[in-house]
Amino acid sequence: MASATLRFYEELNDFLPSGRRKKEFPARFHEGDTVKALIESLGVPHTEVDLILVNGRSVSFAHQVQHGDRITVYPVFESIEIGSITRVRPEALRSTRFVLDVHLGRLAKLLRMLGFDCLYSNSYDDSCLSRISRTERRIVLSRDRELLKRSIITHGYCLRSDKAMDQLLEVLQRFDLREKIRPFSRCLRCNSILKDADGVSVADSVPEYVARTYDHYKSCPDCGRVYWRGSHWEKMRRMLDANL
Ligand SMILES: [Zn+2]
């Protein structure tokens, strides 16, 4: 078997066992393996990777590894200018839209609360998720590394935390979404864009104390659910102010 030397940078080390983090280590591969296959065999999904240098030159995922290669692997940079070097993945998707895997219902609601377009259903299986990601150009959010290794998925993010609120912060930071937050613009239940509604038209749909307290409402054109900026939103806003 042939072997190469690898070094992973920054948060890509999250995916490695402690003995391999932040330093060079040797890894074996089969003749003819691509660099994508080698990197993923070590536990790092390709959706996390933005730049691969082999012996100092940038290469694509399809590059065939040679015995003795020195390979350095970099994560997706949001703010660092890397100039003319070839990134391994296509340009960032212009609009930030997501499809979430079946275990992320709470995160889907939190992202929708901030106005982000999120498809989520507990009936999506892996091939369905991959297909939606490709045809609708959506970023896959998942904690499942095997799912994110699928070649059909070009844009994805592997969540580190298993707590929904921490996952929300991860996503906002990773995709630099702070300026794109539009609270109360999207239905938490069906992802539809909300419409303005006046107090009179929603009076029958909200509790009496709410009708007395709030003047501004939004309603969902699809399911009819009514939204207002209640205490749950205040809590969320304080959490974001403290963490972003
Ligand atoms: Zn709705």
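Residues numbered from 1 in each chain as written. Predicted model: local features only at pLDDT ≥ 70, side-chain atom pairs only at ≥ 80, totals over all residues.

## Points about the overall build of the protein chain
The helix and strand inventory of the protein chain stands at eight helices and twelve strands. Dimensions of the protein chain along its principal axes, counting C-alpha atoms only, are 75 × 35 × 30 Å. In the protein chain, which comprises 244 residues, the proportion classed as buried is 27%. (Helix = DSSP H or I, 4+ residues; strand = E, 2+ residues; numbered from the N terminus. Buried ≥ 20, exposed ≤ 12 C-beta atoms within 10 Å, placed from the backbone.)

## Some points on the sheet that holds strand β10 (residues 195–198)
Within a sheet, neighbouring strands are paired by backbone hydrogen bonds and run either parallel or antiparallel to one another. Taken in spatial order, the three strands make up an open sheet running β10-β11-β12, and their pairing is antiparallel. The sheet is open, and its two edges are formed by β10 and β12 (226–227), each paired on a single side. Sheet topology note: the strand β11 (residues 216–219)/β12 ladder contains two bridges and is antiparallel. Across the sheet, S219 pairs through a bridge with V226, a residue of β12. (Pairing = 2+ DSSP bridges.)

## Let's talk about the pairing of β11
In the sheet, β10 pairs with β11 via four bridges, with the strands oriented antiparallel. Note on β11: the bridge partner recorded for A197 is Y217. Counted between consecutive antiparallel strands, the loop separating β11 from β12 contains six residues, among which G224 sits at a positive phi close to 85 degrees.

## So, the nonpolar core
In terms of nonpolar packing, the biggest core is built from 26 residues, with F98, L100, L107, L111 and L141 touching the most fellow members. Broken down by element, the residue count for this core peaks at four residues, all from helix α2 (residues 105–113). L107 has contacts with L100, L141, A164, Q167 and L168, leaving out every residue within four places of it along the chain. Core analysis: the second largest hydrophobic core is formed by 16 residues, L6, I39, V44 and V65 among them. (Core = buried A, V, L, I, M, F, W, Y, C linked by C-beta atoms within 7 Å. Contact = placed C-beta atoms within 7 Å.)

## Some words on the packing of α2 against helix α5 (residues 164–174)
Direction vectors running N to C along α2 and α5 enclose 55 degrees, while the axes themselves pass 9 Å from each other. Relative to α5, the element α2 lies oblique. Between α2 and α5 lies a crossing whose hand is right-handed. Across the interface between the two elements, R106, L107, L110 and L111 of α2 pack against A164, Q167, L168 and V171 of α5. (Axes fitted to C-alpha atoms, helices over the stretch in contact; angles between N-to-C directions. Parallel < 35°, antiparallel > 145°, perpendicular 65-115°, else oblique. Left-handed = near helix turned anticlockwise from the far one by under 90°.)

## Re the sheet that holds strand β8 (residues 139–142)
Pairing is parallel across the open sheet formed by four strands, whose spatial order is β7-β6-β8-β9. In the strand order of this sheet, the two ends are held by β7 (118–119) and β9 (156–158), each with one partner.

## A look at the domain arrangement of the protein chain
Assigned domains within the protein chain: domain 1 (2–75), domain 2 (98–180) and domain 3 (195–243). If you look at the interface, domain 1 gives seven residues, while domain 2 gives nine residues. Grouping the constituent residues of the side of domain 1 that touches domain 2 by class yields one nonpolar, three polar and three charged. (Domains from an automatic or database assignment. Nonpolar A, V, L, I, M, F, W, Y, C, P; charged D, E, K, R; others polar.)

## A word on α2
Within α2, the full set of buried residues consists of L107, A108, L110, L111 and R112. Residues of α2 that are buried make contact with β6 (98–100), β7, β8 and α5. With its phi angle positive at about 95 degrees, G115 sits one or two positions after the end of α2.

## Some details on the environment of V202
Relative to the helices and strands, V202 is located in helix α6 (residues 199–202). In sequence terms V202 and Y227 are 25 residues apart; their C-alpha atoms lie 9.6 Å from each other. In contact with V202, not counting residues within four places along its chain, are A197, Y217, S219 and V226.

## So, the environment of L51
Assignment of secondary structure puts L51 in strand β3 (residues 49–54). Taking the C-beta count within 10 Å as the criterion, L51 has 20 such neighbours and is therefore assigned buried. For the pair L51 and V76, spaced 25 residues apart in sequence, the C-alpha to C-alpha distance is 7.5 Å.

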